[in-house]
Amino acid sequence: MTARPTIGVLALQGDVAEHLRVLDALDAHTVKVLSPDQLDTLDGLVVPGGESTTMSKLAVRYGLLEPLRKRIAAGMPAYGTCAGMIMLADRLLGGTADQQTVGGIDMSVRRNAFGRQTESFEAAVRIDGLEGDPFDAVFIRAPWVESVGPGVTVLGEVPGPDEAGRIVAVRQGGLMATSFHPELTGDTRIHRLFVDVVKGHS
Amino acid sequence: MANNASNTSDNAVGTERVKRGMAEQLKNGVIMDVVTPEQAKIAEDAGAVAVMALERVPADIRKDGGVARMSDPDMIDGIVGAVSIPVMAKVRIGHFVEAQVLESLGVDFIDESEVLTPADEAYHIDKWAFTVPFVCGATNLGEALRRIAEGAAMIRSKGEAGTGNVVEATRHMRSIRSEIKRLGTLDEAELFGAAKELRAPFEVVKEVATLGKLPVPLFSAGGVATPADAALMRQLGAESVFVGSGIFKSGDPAGRADAIVQATLHYEDPAVIARVSRGLGDAMVGINLDDLSDAQRYAGRGW
């Protein structure tokens, strides 16, 4: 149990600063992660929102993909929001031809599943394990989880275009992912949950 | 998509958080001007975070003259169909019908741009009335805050588009950043005076004074032609950059696009900027601003 865990935010692209701000407020020691050698110092990693194709290309270019896979396979906790959810998915639907993910969570994620920006939305989502009100979730050209393996716990769903429930929050051991962006809302409950996961693992 | 997510009972589309949130996702990424689906693919492959679909890049608008308008919907559709990253497109200042058209085409972001010929000499578009988010140009803080008050979800420094000359972008970034810093030193009574000077609503002025930054992302545009230009804008406080004519008017567009993406990310690392600057071939030729008359300058458009 570490009193003050070191949590990195993958800083290749996207809303890195917003995650750093929330994690700082939760008294984590934070690191902007740009190179593989920084990974060794981390107790946990956040993969932010952004454009997943850009993030994937840059991860390959800077030799981060394999080291990230190794750390996550070795049990480092990680939390991905939106593009970050895509990066943590074992299987990707609707990506570009050469798009690679880090993987880790046994799930199939469909990129831009909720549509383009004019279809982006806010909705109140009930998240298992969070006390209090439903989470006020912001979805931006968001992915959803199309299917999960047996080891994955579904934490929340919202109605999709056809009103069928779509999975938007999952957990598999120390790995968490949401289709939406808690870092944009000021509600720190999900980040707090992740920080607790990190403290429990280290 | 008659029955999409936006139509489900509890979901709210086009909110301030959804629009500004989209802008936040583009940070640290490069937005590139493209005029064909092939260029859009090159940009996407190079790691662009979004493309700006337009009929002519600013350098050609300058050369050709005449009235510059929203692009042909067929051309926008072609680019939307070619890539999976977000697509932006430009409308004339004040031309809310062009904006309605682009929104109906499903573009992800609209640039109400001084690069096109203005359609209204008094008013910008009421951007709150739209579901799609808008980015607007600014040369100083007052202009930025008026655009935010009208609903802009992102601000970009105007620079001087189509020149390949970064001097105006530098001027505008320095101006915006130094005015933000100044606001932080003022007390409440002085902020009322500042709002009056800036010709911007007091609430937005106060918010900026408290945050020490704009309440929306601040990007830079207008004259960025090299990896070092992009890094300069970032060190001056831009959260990322738009590159217009600089990429596809250069000798090696794919290589230059890739290099600018890397320099934008590693803007504080001169070794990286040096490495990606090697062997890029010719940059766009560029124009000295002294050679432009006031009528040929776009940055003065908008009010």
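Just so it is clear, the model here is predicted, and its values are computed rather than measured.

Calculation criteria
Residues numbered from 1 in each chain as written. Chains lettered and ligands numbered in written order. Predicted model: local features only at pLDDT ≥ 70, side-chain atom pairs only at ≥ 80, totals over all residues. Heavy atoms only, no water. Phe/Tyr/Trp six-rings, centres within 6.5 Å; stacked < 30°, edge-to-face > 60°. Helix = DSSP H or I, 4+ residues; strand = E, 2+ residues; numbered from the N terminus. pLDDT = per-residue confidence, 0-100. Contact = heavy atoms within 4.5 Å. Buried < 20%, exposed > 50% of the residue type's maximum accessible area, 1.4 Å probe, protein only. Pairing = 2+ DSSP bridges.

Asker: Looking at this structure, how should I read the packing of aromatic side chains?
Answerer: When we look at a pair of aromatic rings, we describe it by the centre distance and by the angle of the planes. Residues and elements named next belong to chain A. Using the criterion set out here, one finds 10 aromatic pairs over all chains in the structure. Ring centres of F114 and F139 lie 5.6 Å apart, and the angle between their planes is 55 degrees; on these two criteria the pair is classed as tilted. Note that F114 is positioned in the loop between β6 (105-110) and β7 (121-125) and F139 in strand β8 (residues 135-139), a separation of 25 residues in sequence. Each residue in the set F114, F121, F135, F139, W144 and F180 is aromatic and connected to the rest through ring pairs, giving one cluster.

Asker: Help me understand the confidence of the model for chain B in this model?
Answerer: The predicted coordinates of low-pLDDT regions are not to be read in fine detail. Residue and element names in this part refer to chain B. With 97% of its residues at a pLDDT of at least 70, chain B reaches an overall mean of 93. The low-confidence segment residues 1-9, where pLDDT is below 50, has 15 contacts with residues more than four positions distant or belonging to other chains. The complex model carries a pTM of 0.94, and its ipTM stands at 0.95.

Asker: Can you help me understand the environment of P58 of chain B in this one?
Answerer: Residues and elements named next belong to chain B. Looking at the element boundaries, P58 is found in helix α3 (residues 58-64). With relative accessibility at 4%, the residue P58 sits in the buried group. The spatial distance from the C-alpha of P58 to the C-alpha of D33 is 9.1 Å, given a sequence separation of 25 residues. Setting aside residues no more than four positions away along its own chain, P58 makes contact with D33, V115, A161, G162, S245 and Y298.

Asker: Even after reading the chapter, I still don't get the sheet that holds strand β1 (residues 12-13) of chain B, so can you show me in this structure?
Answerer: In a beta sheet, neighbouring strands pair by backbone hydrogen bonds and run either parallel or antiparallel. Pairing within the open sheet is antiparallel, and its 3 strands lie in the order β8(A)-β7(A)-β1(B). If you trace the sheet from one side to the other, it starts and ends with β8 of chain A together with β1 of chain B, each paired once. Sheet topology note: the β7 of chain A/β8 of chain A ladder contains 5 bridges and is antiparallel. Looking at the pairing, V125 of chain A lines up with F135 of chain A of β8 of chain A.

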